[in-house]
Amino acid sequence: MSGTTAALSLLGIALIAVVGVYGAAWAARIGSGAADAAPFGSGLEPTEHAVSRFHVRWYTVTMLFLAFDMEMVFMYPWTRVISAMGPSAVIEMFVFLAVLVSGVVYAWREGALRWT
Amino acid sequence: MVEAGAWWTLLAAPGLLVVLAALAVAGNAVLDARDAGRLVGVAGAVRPFLGVPRALVAQPRRLPAQDRLLWRTGVVTVPVAAVLSTLVVPFGGRVVADPSVGVVWFNAMEVLTWAGLWLAGWGPDAAFSLIGGYRFLAQGLAYELPLMFALISAATGAESLRVGDIAAAQDGLWYAVWMPLAFAAYLAGVLAFSFLGPFAYPAGRDLAGGVLGEVSGADRLLLQAGRWLWLASGAAMAVPLFLGGGAGPGLPSWAWSLVKTLLVLGLLVWVARRLPVVRADRYVEFAWVVLIPLTIVQALVPALVNLHR
Amino acid sequence: MDLTGLTLRVAAARPHVLLAAVPGGTAVRLAAERLLRARDWPRASTPAQADLLLVAGPDLPELRTPLERLWRDMPAPRARVHARTADEVEDALNAGRALLGPPAVRHASAAPPADAGGHREGDHGARERHEGDDQTPGHDGHGDHRGHGGHGGHSGGQTEMPGGLPMAGQGADRDGLTLDQLHLPLGPLLADWPAGLTVRLVLQGDVVQRVDVDEPARPIDDAAAEAFWVQPWLRAASGEPVPVGEAVRRRAAAHLDSLGRLLAVAGWPAEAVRAWRLRDDLLSGAPRAAVAPRLERFTRRVGRSRTLAWLTRGIGVVTAQKAREAGVGGPAARAGGDVTSRYRQWLADIRRDLPRLEDPAPLDVAVEDSPRGPWSAEHPPSAALIALLPRLLEGTELAAARLVVASLDPDPDELVSRGVVEVARG
């Protein structure tokens, strides 16, 4: 069994289990049809749709995160070639990381990591 | 070395995961009973599972402007990703598949919960759920990078991304011993992607349940199960990454894997009860200013060790 | 084999309870919380998670609609019970459990409009919305009061919206971005929240921009409401001799109740349960020797928790001077600082009160503070605490706002009990 076959089979099994749970719930359910409900508002009626242009105040952190996440794409394969490439691989990677961390320190000083 | 590819492992891996998750739930229930001054016993330990038939008989609910497709996709993603993550988690000498990028696979499955929980928060069109979903993203920005550096530290130690190689490379000395920071960051990450205990921020009591506030019936069952499945999967993955896999004296390797997994799981359940929820607005700063530099230094250690090997 | 019947019976063994605490019903709430804990019936925080709606406290006309809302939002199998006094709680819970059993549930589902009032109301609402949709653009606000609650700021044209609700509107923000504002009420019926208090928030992201506090709901006849936590002070003020020990015990229990609430809001349920157990032991008259060691452990764990202190530091600062100006006395004023200093003050007060639990001397209202400050029927301490809220909550993050309210923990019972009229508004 190859890795891909195994992964797809496992996905299939998981999905069958999920369908089984929904099927069992469909068979066992009480009451006729779905209950009409309102989103919880501590007992009060909603006055508008909750789905909105949500103001995420940590948006600057997402930019930092993106930089690091891209770096991770390099770092995963890098782990396999350290011995083969010698000291230069370690030096280059950690100098790169040091540059990124200095960016984090700058962002921290500017208050980008706090939003309340 | 681990042996991969036996067909029966396809059923054994999810089955074992469900059993481990159930044990974690039961253990948590026992601690709950002790704190509440009730009798501690088997009857109390299995009581949470009464929620399963309860979820199945529940009438479905319909919210006025719900996005059922996205909502359900999000809910289902969490437990399914947890099951998929077991693809690369060896248990004793057996694993479903041992691809050369096993660590990346585990990481990728864990990141799927970002999408899953956010969708689960967005779907019902309810304010508390919506805020809960966004809370998980903020929390993710804080826990994810230390977790990735922890994974990379273990991979660097073995110079391989294959989980079987990493377990085998810890011959005699566990990574948990000489990479304690990476181990701690990994365990914190496990609690975070299970959104339990100190990382229950997206499902907080202050948000009336957050992402869990509007789900009922089978949806609720699956999302709750997803949390504990992830906790169990994370505990099982800690064993090959940091605790030498199934290696150990006397007992067969599956027994060692089981003992180590249960110990990690017990530790996680206990720690989850000892801390209040760490809000992302505080944790993000701590993670970026303290944890990330520390875990980077931690990743440097195995890299230097490799050069002198 | 009757599989559904069996499933229902099994599920009814551990119902999830939505505890709707009503002002004036603190004693009922405490009895309910004690019983639920002993029976391992978990508390639900929203109707979606609940099987049993337990209304704890007197009838309040203003809360009938919110209670009906919660009830309609619960999926079947469900049951609804009402305990007006603490003695009724046990019977109410048993009745609720019976209603969740197979015969009762079958009966209810065979005749869908069992809760006829709720259904009719729902249908009416739908029709009203429909009429609203028929209106031409520009006439909105006539047909559907619910949908367009006067909050303004509709974006774009008046297209038909699903559910008859408008989309969230825009608003200015301190970041200089103009994104959507959400209107989110906290209360009247919210878990770990002062019973009946309604705080209407305007949020942008999860930061609070504006805060409006509603007038508290009132019971029909004042006699039904009982301000449980200040009862010894009320009795002493009316001339009845009350031992200091009883008042001190009540005060320590009140602080433990507040601490439990704060810990629950802070996401530390394990310690919250410990606080509530200690509270119930104190109220049931446990001697000092029985509670002191456990209280000591609890104080150590919570009071010295660096994590909790780190998470609550700098939130909701009320300096001693600000407190004095606002007419706040008691622990909040003596702490004179942030949330951390206030919960530590509670812990210190409890330890200070512990040696006096059996003190038989008569209570002097002028000497001993009530749980939330010096007692005065004209200016109950909780009114001053509520008046502080708008200023404290504006600009905080939602989680921090909940921590601030929990760390002040105003007691609406004080406002609805006899002889108390003046309520400050934000």
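Residues numbered from 1 in each chain as written. Chains lettered and ligands numbered in written order. Predicted model: local features only at pLDDT ≥ 70, side-chain atom pairs only at ≥ 80, totals over all residues. Heavy atoms only, no water.

Looking up chain B in an unreviewed UniProt entry gives the name NADH-quinone oxidoreductase subunit NuoH, with the organism given as Streptomyces prasinosporus. The record in UniProt for chain B states the following under Sequence similarities (unreviewed entry): "Belongs to the complex I subunit 1 family." (UniProt positions renumbered as here; feature names shortened; annotations may be inferred.)

Next up on the list: the sheet that holds strand β1 (residues 17-21) of chain C. Residues and elements named next belong to chain C. The strand order across the open sheet formed by three strands is β1-β2-β3, and the pairing between neighbours is parallel. In the strand order of this sheet, the two ends are held by β1 and β3 (79-83), each with one partner. Across the sheet, the axes of successive neighbouring strands diverge by a mean angle of 20°, strand direction being ignored. Pairing between β1 and strand β2 (residues 52-56): five bridges, direction parallel. If you follow A21 over to β2, its bridge partner there is A56. Against the sheet, helix α2 (residues 26-39) engages β1, β2 and β3, with an angle of about 165° to β1. Sitting on the sheet, helix α3 (residues 61-72) is in contact with β1, β2 and β3, with an inclination near 150° to β3. (Pairing = 2+ DSSP bridges. Helix = DSSP H or I, 4+ residues; strand = E, 2+ residues; numbered from the N terminus. Axes fitted to C-alpha atoms, helices over the stretch in contact; angles between N-to-C directions. Contact = heavy atoms within 4.5 Å.)

Opposite the 44 residues of chain B that make contact, chain C presents 54 residues. Summed over both partners, the interface of chain B with chain C comes to about 4300 Å²; 59% of that surface belongs to carbon and sulfur atoms. At the boundary of chain B with chain C, the tally comes to five salt bridges. Taking the shortest distance from any N to any O, the salt bridge between B:D35 and C:R274 comes out at 2.9 Å. Counting the contacts that link chain B with chain C gives 23 residue pairs in polar contact (both at pLDDT 80 or more). Here the side of chain B that touches chain C gets five residues from one element, more than from any other, and that element is helix α6 (residues 127-158) of chain B. Of the residues in the side of chain B that touches chain C, the class split is 23 nonpolar, five polar and 16 charged. (Buried area = accessible area lost by both parts, 1.4 Å probe. Salt bridge = Lys/Arg side-chain N within 4 Å of Asp/Glu carboxyl O. Polar contact = N/O pair within 3.5 Å; in protein donor to acceptor, adjacent residues only side chain to side chain. Nonpolar A, V, L, I, M, F, W, Y, C, P; charged D, E, K, R; others polar.)

This part is about the domain arrangement of chain C. All names here are of chain C. Partitioning chain C into domains gives domain 1 (3-115) and domain 2 (222-416). Just the C-alpha atoms count here: the centres of domain 1 and domain 2 sit 29 Å apart. With eleven residues of domain 1 at the interface, the matching set in domain 2 holds 16 residues. Taken over both partners, the interface formed by domain 1 and domain 2 buries close to 1100 Å², and the fraction arising from carbon and sulfur atoms is 55%. Our enumeration of links across domain 1 and domain 2 arrives at three salt bridges. Among the ionic pairs, E33 bridges to R279, the shortest N-O distance being 2.9 Å. Inspection of the region where domain 1 meets domain 2 yields five residue pairs in polar contact (both at pLDDT 80 or more). (Domains from an automatic or database assignment.)

A few words now on the packing of helix α1 (residues 3-28) of chain A against helix α4 (residues 68-85) of chain B. The N-to-C vectors of α1(A) and α4(B) enclose an angle of 135°; their axes lie 10 Å apart at closest approach. It follows that α1(A) is oblique to α4(B) by the angle criterion. For the crossing formed where α1(A) meets α4(B), the hand is right-handed. For the pair formed by α1(A) and α4(B), the contact residues are A:A7, A:L10, A:L11, A:A14, A:L15, A:V18 and A:Y22 on the first element and B:R72, B:V75, B:V76, B:V80, B:V83 and B:L84 on the second. (Parallel < 35°, antiparallel > 145°, perpendicular 65-115°, else oblique. Left-handed = near helix turned anticlockwise from the far one by under 90°.)

Remember that side chains alternate between the two faces of the sheet whenever the strand is regular. Residue and element names in this part refer to chain C. The alternating pattern of β3 places A79, V81 and A83 on a buried face and R80 and H82 on a face that is not buried. With five bridges joining them, β2 and β3 adopt parallel strand pairing. Across the sheet, the residue bridging to A56 is A83, located in β3. With α3 bridging β2 and the parallel β3, this β-α-β connection has right-handed handedness. (Buried < 20%, exposed > 50% of the residue type's maximum accessible area, 1.4 Å probe, protein only. Right-handed = clockwise from strand over helix to strand, strands pointing away.)

One pass over the full model with this rule turns up 47 salt bridges over all chains. Residue B:R47 is joined to C:D40 by a salt bridge in which the shortest nitrogen-to-oxygen separation is 2.9 Å. You can see B:R47 sitting in the loop between α2 (42-46) and α3 (51-57) and its partner C:D40 sitting in the loop between α2 and β2, one on each of two chains. No difference in accessibility class separates B:R47 from C:D40, as the two residues are buried. One salt bridge in this structure joins B:R279 and B:D281, with 3.3 Å as the shortest N-O distance. Here the two residues B:R279 and B:D281 agree in accessibility, since each one is buried. One continuous salt-bridge network, built from bridges that share partners, spans B:D32, B:R34, B:D35, B:R273, C:E271, C:R274 and C:R301.

With an omega dihedral of -5°, the bond running from C:A76 to C:P77 counts as a cis peptide bond. Among the secondary structure elements, C:P77 is positioned in the loop between α3 and β3. Positive phi is not limited to glycine here, since B:D125 has a value of about 60°. Along the polypeptide, B:D125 turns up in the loop between α5 (102-122) and α6. Phi at B:E159 takes a positive value of approximately 50°, unusual for a residue other than glycine. Examined against the element boundaries, B:E159 turns out to sit in the loop between α6 and α7 (163-169).

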